[in-house]
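# Analysis of the macromolecular model
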Amino acid sequence: MAKLIDGKAIAATIREEIKVEVRKIEASVGKVPGLATVLVGSRTDSTTYVRMKRKACEEVGIESFHTELPESVSEEELLSCVERLNADPAVHGILVQLPLPKHINEERILSAISVEKDVDGFHPVNIGKLAMKSRTPRFVPCTPRGCIELLVRSNVSIEGKCAVVLGRSNIVGLPVSLLLLHRNATVIVCHSKTQDLPSVCRQGDILIAAVGRANMVKRDWIKPGAVVIDVGINSIPDASKKNGYRLVGDVDFDDCKDVCGMITPVPGGTGPMTIAMLLRNCCDSAKEAFGLS
Ligand SMILES: Nc1nc2c(c(=O)[nH]1)N[C@@H](CN(C=O)c1ccc(C(=O)N[C@@H](CCC(=O)O)C(=O)O)cc1)CN2
């Protein structure tokens with residue numbers, strides 16, 4: 001059986017570190033970091049994630065400011081909400097929960113968030129800087145940053161390794177491949193149009209699965225001993241569960257657990273790290289605003 005990379009435990013450690021930092025910030029300037037969360041509509045998953053983010057803020061002492069807008073909100077109304085939060089000095093980070101309803105231009109909204117408060121790291125300027133070797137983005141997207149943190153805190157060396165990233169989304173696949181490249185991995189990005197996905201994935205000393213398809217990766221896709229980071233969070237029907245479903249990753253855990261060297265579980269892998277990294281980004285943003293960094 002592979003060694004389990006316990007994202008829940010690592011995220012808890014990071015949250016404790018942030019809690020200490022927030023106390024120090026308060027002792028030094030008499031203010032705490034503030035995170036604004038914006039939820040549009042009432043998707044069950046988005047509502048759950050925003051609730052988890054606000055609870056995590058409360059636990060570490062970050063103040064959260066919550067705005068809920070109806071599914072029918074216009075792009076202009078959402079933009080003016082973002083403008084209001086940009087101008088609010090108590091807000092150091094702005095998080096607009098994704099996905100947004102179809103009638104709203106996501107890119108326009110994300111571009112309107114102040115680069116200095118873009119704790120999700122989705123602003124084109126932050127993404128653009130991430131793509132440039134010589135530039136440092138103000139913020140790195142939370143899930144990709146969490147993947148790297150999991151590797152580092154599990155003593156996995158990245159330099160010189162072949163890292164295969166399955167998936168090319170703006171939120172995970174693309175940024176995580178850039179982060180791996182900056183750490184001197186040889187990076188292969190593969191996707192739905194890649195020919196012979198199993199043999200491409202099998203090249204990876206590190207495999208990051210971020211494709212959003214339940215249990216897609218099987219044991220013959222994995223190089224023996226590889227480190228597998230499963231970013232997928234997919235719900236599948238399960239009659240034995242009270243709510244009728246359970247969460248699984250993009251990797252078929254039971255099929256793969258004996259072939260890889262290390263693996264993240266779902267739930268309890270990259271999900272908790274996404275929230276820990278959001279707190280990290282928000283705390284860093286406040287420190288910069290207070291002149292403490
Ligand atoms: N503005 C953003 N929107 C979205 C992001 C994001 O980073 N910023 N990422 C995802 C969803 N997401 C955060 O928003 C997220 C997903 C999952 C988890 C998590 O902790 N999952 C748990 C299981 C939770 C459950 O039981 O339902 C786990 O994996 O253990 C946290 C955050 C899309 N949108």
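Labelled according to an unreviewed UniProt entry, the protein chain appears under the name Methenyltetrahydrofolate cyclohydrolase, originating from Galdieria partita. Per UniProt, the protein chain has the following entry under Sequence similarities (unreviewed entry): "Belongs to the tetrahydrofolate dehydrogenase/cyclohydrolase family." Within the UniProt record for the protein chain, the comment given under Subunit (unreviewed entry) is "Homodimer."

### Observations regarding the packing of helix α1 (residues 7-29) against helix α2 (residues 44-60)
Two numbers describe how α1 lies on α2: the axes approach to 8 Å, and their chain directions differ by 55 degrees. With respect to α2, the axis of α1 lies oblique. The residues of α2 that touch α1, namely those facing Arg15, Ile18, Lys19 and Val22, are Ala56, Glu59 and Val60. Across the contact of α1 with α2, the residue classes break down as 4 nonpolar, no polar and 3 charged.

### Regarding the domain arrangement of the protein chain
Taken domain by domain, the protein chain comprises domain 1 (32-115) and domain 2 (142-271). Between domain 1 and domain 2, the C-alpha centre-to-centre distance is 28 Å.

### Description of the UniProt feature "domain: Tetrahydrofolate dehydrogenase/cyclohydrolase catalytic" (unreviewed entry) in the protein chain
Under the UniProt annotation, the feature "domain: Tetrahydrofolate dehydrogenase/cyclohydrolase catalytic" (unreviewed entry) is placed at residues 5-120. Span residues 5-120 is 52% helix and 16% strand, its end C-alpha atoms 24 Å apart.

### Regarding helix α3 (residues 75-87)
Over its 13 residues, α3 runs 18 Å from end to end, which matches the ideal 18 Å to within 8%, given 1.5 Å per residue. When we look at burial in α3, the residues that qualify are Leu78, Cys81, Val82 and Leu85. Along the axis of α3, the buried residues cluster in a sector spanning 95 degrees; they form a single face. Facing away from the buried side of α3, by more than 90 degrees, are the exposed residues Glu76, Ser80, Arg84 and Ala87. Packing partners of the buried residues in α3 comprise β2 (34-40), β3 (63-69), β4 (93-96) and α4 (106-112).

### Considerations on the sheet that holds β3
If you trace the 3 strands from one edge of the open sheet to the other, you get β3-β2-β4, paired in parallel fashion. Looking at strand neighbours, the two that pair on one side only are β3 and β4, the edges of this open sheet. If you compare each strand with its neighbour and ignore which way they point, the axes differ by 15 degrees on average. Against the sheet, α2 contacts β2, β3 and β4, and its axis sits at roughly 165 degrees relative to β2. α3 contacts β2, β3 and β4 of the sheet and is inclined by roughly 165 degrees relative to β3.

### Here's the deal with the pairing of strand β5 (residues 162-166)
In terms of residue burial, β5 counts as a mostly covered element, since 4 of its 5 residues are buried. For β5 and strand β6 (residues 186-190), the ladder comprises 5 bridges, and the chain directions are parallel. In the strand pairing of β6, Val164 is matched with Ile188. In this view, the connection linking β5 to its parallel neighbour β6 by way of helix α7 (residues 173-182) has right-handed handedness. One ladder, built from 4 bridges, connects β5 with strand β7 (residues 206-209); its direction is parallel. For Ala163, the partnering residue across the bridge sits in β7 and is Ile206.

### Here's the deal with the site of the ligand
Close to the ligand lie 20 residues, the nearest being Tyr49, Leu98, Pro267, Gly271 and Thr274. Every element with two or more residues in the shell around the ligand is listed here: α2, β4, α6 (142-153) and α10 (270-289). Top contributing element to the shell around the ligand by residue count: α10, with 4 residues. When grouped by side-chain class, the residues that make up the shell around the ligand number 13 nonpolar, 6 polar and 1 charged. Residue assignment places the shell around the ligand across two domains, with domain 1 (32-115) and domain 2 (142-271) each supplying three or more.

### Examining the packing of α6 against α10
Contact pair α6 / α10: the axes reach a minimum separation of 8 Å and the direction vectors enclose 105 degrees. Taken together, the axis directions place α6 and α10 in an arrangement best described as roughly perpendicular. Contact residues: α6 offers Cys142, Thr143, Arg145, Gly146, Cys147, Glu149 and Leu150, while α10 offers Thr270, Met273, Thr274, Ala276, Met277, Leu278 and Asn281.

What counts and how
- Residues numbered from 1 in each chain as written.
- Predicted model: local features only at pLDDT ≥ 70, side-chain atom pairs only at ≥ 80, totals over all residues.
- UniProt positions renumbered as here; feature names shortened; annotations may be inferred.
- Axes fitted to C-alpha atoms, helices over the stretch in contact; angles between N-to-C directions.
- Helix = DSSP H or I, 4+ residues; strand = E, 2+ residues; numbered from the N terminus.
- Parallel < 35°, antiparallel > 145°, perpendicular 65-115°, else oblique.
- Contact = placed C-beta atoms within 7 Å.
- Nonpolar A, V, L, I, M, F, W, Y, C, P; charged D, E, K, R; others polar.
- Domains from an automatic or database assignment.
- Expected span 1.5 Å × (residues − 1).
- Buried ≥ 20, exposed ≤ 12 C-beta atoms within 10 Å, placed from the backbone.
- Arc of directions from axis to C-beta.
- Pairing = 2+ DSSP bridges.
- Right-handed = clockwise from strand over helix to strand, strands pointing away.
- Near = placed C-beta within 6 Å.

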